[in-house]
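Residue-level structural notes
These are the residues of each chain, in order.
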Amino acid sequence: AVRHGEATQIQIKTVKKDGQYRLSVRDNGKGIDLTREGRGMGLRIMKYRASLIGASLAIKSDGGTRISVTLPDSAFMQADESYTPEKNGQPGKN
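Analysis parameters
Residues numbered from 1 in each chain as written. Predicted model: local features only at pLDDT ≥ 70, side-chain atom pairs only at ≥ 80, totals over all residues. Heavy atoms only, no water. Buried < 20%, exposed > 50% of the residue type's maximum accessible area, 1.4 Å probe, protein only. Helix = DSSP H or I, 4+ residues; strand = E, 2+ residues; numbered from the N terminus. Pairing = 2+ DSSP bridges. Patch = residues over 30% accessible without salt bridge, like charges linked within 9 Å, V, L, I, M, F, W, Y side chains within 5 Å. Areas by Shrake-Rupley, 256 points an atom, 1.4 Å probe, with all protein chains shown as cover. Salt bridge = Lys/Arg side-chain N within 4 Å of Asp/Glu carboxyl O. Core = buried A, V, L, I, M, F, W, Y, C linked by side-chain atoms within 4.5 Å. Contact = heavy atoms within 4.5 Å. Polar contact = N/O pair within 3.5 Å; in protein donor to acceptor, adjacent residues only side chain to side chain. Axes fitted to C-alpha atoms, helices over the stretch in contact; angles between N-to-C directions.

For the rest of this paragraph, the subject is the pairing of strand 1 (residues 10–17). Along strand 1, only zero of the eight residues are buried, which leaves the element largely exposed. The hairpin formed by strand 1 and strand 2 (residues 20–27) contains two residues between the paired strands, and D18 there has a positive phi angle of roughly 50 degrees.

It is worth spelling out a nonpolar patch on the surface at this point. The grouping of I10, I12, L23 and V25 at the surface amounts to a nonpolar patch, some 340 Å² of accessible area in total. Elements supplying a minimum of two residues to the nonpolar patch: strand 1 and strand 2. With relative accessibility at 32%, the residue V25 sits in the partly exposed group.

What follows is about the environment of D18. Take D18: it is sitting in the loop between strand 1 and strand 2. Along the chain, D18 and P72 lie 54 residues apart, while their C-alpha atoms are 8.9 Å from each other.

Before going further, it helps to spend a moment on the nonpolar core. Judged by nonpolar contacts, L43, A50, A55, L57, I59, I67, L71 and A75 together constitute the single largest core of eight residues. Looking at this core, the elements with two or more residues in it are helix 1 (42–52), strand 3 (56–61) and strand 4 (65–72). Apart from the residues within four sequence positions on either side, L57 is in contact with L43, M46, K47, A50, I67, S68 and V69.

A separate point is the side chain of T70. Looking at the element boundaries, T70 is found in strand 4. Only 3.2 Å separates the side chain of T70 from the side chain of R22, close enough to count as a polar contact. Residues contacting T70, with those up to four places away along its chain left out, are Q20, Y21, R22, A55 and S56.

Right, let's get into the environment of A55. When you line up the elements, A55 lands in the loop between helix 1 and strand 3. For the pair A55 and A75, spaced 20 residues apart in the sequence, the C-alpha separation amounts to 7.9 Å. With sequence-adjacent residues up to four places away left out, A55 is seen in contact with A50, V69, T70 and L71.

On inspection of all chains with the given rule, the structure shows one salt bridge. Its salt-bridge partner being K16, residue D73 comes within 3.9 Å of it at the nearest N-O pair. In this pair, D73 sits in helix 2 (residues 73–82) while K16 sits in strand 1, placing the two residues 57 residues apart along the sequence. Exposure remark for K16: the relative accessible area of 52% places this residue in the exposed category.

Across the sheet, four strands lie side by side as 1-2-4-3; this open sheet has antiparallel pairing. Taken across any chain shown, the strands that pair with only one partner, and hence form the sheet edges, are strand 1 and strand 3. Taken over all neighbouring pairs, the strand axes of this sheet differ in orientation by 15 degrees on average, direction set aside. Sheet strands touched by helix 1: strand 3 and strand 4. Its angle to strand 3, the strand with the most contacts, is close to 150 degrees.

Here it is, written out as C-alpha cells:
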C-alpha cells in the first residue's frame with residue numbers, strides 16, 4: 001500500500017458478525033486499476049488462497065484501496081478437524 005499505492009494511512013479492521021469473520025484492509029492511496037487485474041499474479045494469488053480456506057475476497061478501489069476477506073465459522077471447524085502434524089509433514093511428539 002505504501003510503496004505501490006503511495007498511501008499515508010492504512011486501516012486494518014476485524015469483525016465477527018452472523019457467523020462470519022471479516023478482515024478489511026483499507027488505505028488512502030491512489031488505488032489500483034482493477035481492469036488490469038488479469039495481468040499480474042498478486043490479486044490472482046490472493047483470491048486463490050482465500051478460496052483454499054473457504055473465504056471470499058472482495059477488492060474495491062475508490063480513492064484508495066479496500067480489500068476484505070470473509071471467512072465463515074465453519075471454515076475454522078474444518079481446519080481444526082483436518083489438521084494433524086502427521087498429515088502436514090511434521091512428526092508427532094512422543
